[in-house]
Amino acid sequence: MSTNTVKMLQQRNIDIEVSCFEDKLQISPSKQNKENSHLSKSKTCDMSDLVRLLHKVDIQSTQQGDQIEQEQDSTPKKQMQQGKTCRYIPLRSGQKQSLNEEFQYREIEEENQEPQKGSDYKDQGNVTLKDIYKMHVFGQPLQSEQLQWESKNLLHFADNTPSKRKILSDINPAILETYQNLMDYREQYQNSQDYQFSQRKISKVPFKVLDAPQLQDDFYLNLIDWSSQNVLSVALSSCVYLWSAYNNRVTKFCDFGNNDMVCSLIWNPQGNQLAIGTGSGEVHIYDQEKMKRIQILEGHSARVGSLAWSGNTLCSGSKDRSIILHDPRQKRQTGKFEGHKQEVCGLKWSPDEYQLASGGNDNKLFVWRMGSQIPLAKFNQHQAAVKAIAWSPHRHGLLSSGGGTADRTIRFFNTLTTQQLDWIDTGSQVCNLMFSKNVNEFVSTHGYSMNQIVCWKYPALQKVTTLMGHTSRVLFLAMSPDGETIVTGAGDETLRFWNAFPRKEQAQPINTVLLPQMIR
């Protein structure tokens with residue numbers, strides 16, 4: 001008797017006793033089956049009886065296995081008939097199927113289903129855009145009779161065989177034309193400049209971080225500015241420091257001591273003079289090369305939190321609600337604007353230097369013009385303080401402004417028609433705005449509650465990227481002379497440098513007879 005036979009009998013709870021002196025086997029029932037009447041007595045059988053018994057056991061085992069499989073297969077069908085929500089997933093033998101085989105399997109199941117009454121069942125002979133898409137992407141032929149794949153590769157080279165050209169000729173011309181127009185539009189868009197700019201990669205990690213101890217966490221101040229000579233000025237408490245982008249050298253420029261505090265600063269267009277607004281209401285002008293103060297401008301009775309310098313006109317906005325125009329050459333005032341009911345916290349000249357935009361803590365945005373004491377335009381759509389102001393260098397008369405914590409919006413105005421063009425809710429306090437010099441995009445810095453830096457497309461108002469890193473409100477913003485790099489300052493006492501915008505394309509020289517190449 002083989003070992004496998006003994007094991008099979010033991011699995012059936014039958015104890016086997018083998019006698020070495022007889023050519024017979026004595027089979028006794030197990031303890032579990034002693035209670036059964038038909039196995040209560042021991043049996044002595046010949047080898048032939050044992051073979052018949054084993055054959056009977058094999059047949060019963062096979063029948064029980066088939067019955068279990070039938071019950072397993074019928075269980076999901078019973079559940080579906082009873083309206084249960086259990087989802088039936090058939091078991092598939094073999095290796096894992098590819099995406100094409102999976103798709104083909106589902107297509108065959110859909111084809112075998114009979115159309116229900118009232119369903120949108122259509123003739124399979126009609127070719128749709130979906131069929132064309134499957135043919136180009138998955139490589140499936142358009143014949144409805146054959147649901148076989150031409151290729152099992154998801155991505156493959158285009159096949160321009162005569163059979164496929166014949167299939168394309170049988171397609172409805174209107175559908176084929178629509179599909180071709182979509183493909184042409186996609187190709188044109190991918191070759192456009194906007195698509196290339198949108199696909200550029202902007203590093204979300206600053207390439208340089210500088211410590212700025214005692215950088216004030218005050219929303220109404222303006223404490224950094226980048227000159228046209230590539231020198232960054234930073235106000236730390238009562239001192240002003242200069243950082244050179246050429247050699248990374250830091251220089252202490254001036255110190256007001258315990259007598260005063262720096263509230264704002266700005267470079268002149270030439271980048272050789274620096275104006276500093278103080279807490280006492282004075283404006284000090286320093287010469288960079290000599291590192292010496294050359295002039296003091298007075299006229300305000302409270303701190304000067306905002307400055308704007310254009311040409312030979314320096315404007316200062318103060319907490320005393322007034323805006324004073326200075327001419328540093330003549331050392332006198334040339335004008336004064338009064339219209340805000342609270343502190344003036346934002347000032348920006350237009351690119352053509354004809355209009356001045358001012359934002360105040362009274363939630364108002366005014367546009368002034370030289371020679372007139374009445375604002376050219378008044379905008380009152382914001383619900384919080386307006387500090388963030390920016391003019392677009394790409395569109396004449398386009399002005400943008402951002403509101404504080406209670407507002408959180410960026411709004412765009414046409415100062416020529418005094419109409420609001422668009423607006424967007426950013427979800428956070430808007431601290432600064434600045435348009436790119438090289439592309440039609442702008443950057444915004446935010447405070448509560450996300451402290452993020454966002455680059456936007458205009459006029460689509462779509463986010464290009466979001467830069468995170470500051471742990472406090474990003475209150476200060478400046479841009480390098482080439483327009484590629486921005487620097488941000490926050491209440492976490494750090495300055496972070498980001499590569500936010502692409503390089504400006506160099507203009508090609510124009511060679512023409514009308515424009516001489518040399519002036520004699």
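Named according to an unreviewed UniProt entry, the chain is CDC20/Fizzy WD40 domain-containing protein originating from Paramecium pentaurelia.

### A closer look at the UniProt feature "repeat: WD" (unreviewed entry) in the chain
Look at the UniProt record and you will see "repeat: WD" (unreviewed entry) annotated at residues 337-370 and 467-499. Spanning residues 337-370, this segment combines 0% helix with 56% strand, and its end C-alpha atoms are found 10 Å apart. The span residues 467-499 is 0% helix and 58% strand, and its two end C-alpha atoms sit 11 Å from each other.

### Things to note about the sheet that holds strand β6 (residues 231-236)
If you walk across this open sheet you meet the four strands as β5-β6-β7-β8, and the pairing is antiparallel. Each end of this open sheet is capped by a strand with a single partner; those strands are β5 (224-226) and β8 (250-255). Each strand axis lies, on average, 20° off the axis of its neighbour in the sheet, ignoring direction. Sheet topology places strand β7 (residues 239-244) next to β8; five bridges connect them, and they run antiparallel. Bridging across to β8, Trp243 finds its partner in Val250.

### So, unusual backbone geometry
Here the bond from Tyr448 into Ser449 is cis, since omega is 10°, no more than 30 degrees from zero. The linkage connecting Tyr458 with the following residue, Pro459, adopts the cis geometry, with an omega of 10°. When you line up the elements, Pro459 lands in the loop between β27 (453-457) and β28 (463-467). Positive phi, normally seen in glycine, also occurs at Ser237, with a value near 60°. You can see Ser237 is positioned in the loop between β6 and β7. Given the relative accessible area of 22%, Ser237 is considered partly exposed. Positive phi outside glycine occurs at Glu353, with the angle close to 65°. With respect to the helices and strands, Glu353 occurs in the loop between β17 (344-349) and β18 (355-360).

### Brief notes about the packing of aromatic side chains
Two aromatic rings are characterised by how far apart their centres lie and by the angle between their planes. Tallied over the full model, the rule gives 14 aromatic pairs. Between Phe337 and Trp368, the ring centres sit 4.7 Å apart and the planes meet at 5°, which makes this aromatic pair stacked. Of this pair, Phe337 sits in strand β16 (residues 332-338) while Trp368 sits in strand β19 (residues 365-369), and the two are 31 residues apart along the sequence. Looking at Trp368, the relative accessible area reads 1%, which means it is buried. Members of the aromatic cluster, connected to one another through ring pairs, are Phe412, Phe435, Phe442, Trp456 and Tyr458. In this structure, Arg411 packs its charged tip against the face of Trp423, placed 5.1 Å from the ring centre.

### Let's talk about the nonpolar core
Among soluble globular proteins, nonpolar side chains are generally buried collectively. In this structure, Leu215, Leu232, Val240, Ile276, Val487 and Leu495 are the most contacted members of the largest nonpolar core, which totals 33 residues. It is β6 that provides the largest number of residues to this core, a total of five residues.

### Topic: the pairing of strand β10 (residues 273-278)
Across the six residues that make up β10, a large majority, six, are buried. Of the two faces of β10, the one holding Gln273, Ala275 and Gly277 and the one holding Leu274, Ile276 and Thr278 are both buried throughout. Here strand β9 (residues 262-267) runs beside β10; their pairing, made up of five bridges, is antiparallel. From the neighbouring strand, Ile266 faces β10, where its bridge partner is Ala275.

### Focus: the pattern of salt bridges
For the structure on display, the rule yields seven salt bridges. Lys336 is paired through a salt bridge with Glu338; the nearest N and O atoms lie 3.5 Å apart. Exposure remark for Lys336: the relative accessible area of 33% places this residue in the partly exposed category. The exposed category is assigned to Glu338, whose relative accessible area is 55%. With a closest N to O distance of 3.4 Å, Glu484 and Arg503 form a salt bridge. Of this pair, Glu484 sits in the loop between β29 (474-479) and β30 (485-490) while Arg503 sits in the segment after β31 (494-499), and the two are 19 residues apart along the sequence. On the accessibility criterion, Arg503 (64% relative accessible area) is exposed.

### Quick look at the sheet that holds β18
Pairing within the open sheet is antiparallel, and its four strands lie in the order β17-β18-β19-β20. The sheet is open, and its two borders are formed by β17 and β20 (377-379), each paired with just one other strand. Sheet twist, expressed as the mean angle between neighbouring strand axes with direction ignored, is 20°. As defined by bridge partners, β18 adjoins β19 across five bridges and the pair is classed as antiparallel. Across the sheet, the residue bridging to Ser358 is Phe366, located in β19.

So, how was this worked out
- Residues numbered from 1 in each chain as written.
- Predicted model: local features only at pLDDT ≥ 70, side-chain atom pairs only at ≥ 80, totals over all residues.
- Heavy atoms only, no water.
- UniProt positions renumbered as here; feature names shortened; annotations may be inferred.
- Helix = DSSP H or I, 4+ residues; strand = E, 2+ residues; numbered from the N terminus.
- Pairing = 2+ DSSP bridges.
- Axes fitted to C-alpha atoms, helices over the stretch in contact; angles between N-to-C directions.
- Buried < 20%, exposed > 50% of the residue type's maximum accessible area, 1.4 Å probe, protein only.
- Phe/Tyr/Trp six-rings, centres within 6.5 Å; stacked < 30°, edge-to-face > 60°.
- Lys NZ or Arg CZ within 6 Å of the ring centre and 35° of its normal.
- Core = buried A, V, L, I, M, F, W, Y, C linked by side-chain atoms within 4.5 Å.
- Salt bridge = Lys/Arg side-chain N within 4 Å of Asp/Glu carboxyl O.

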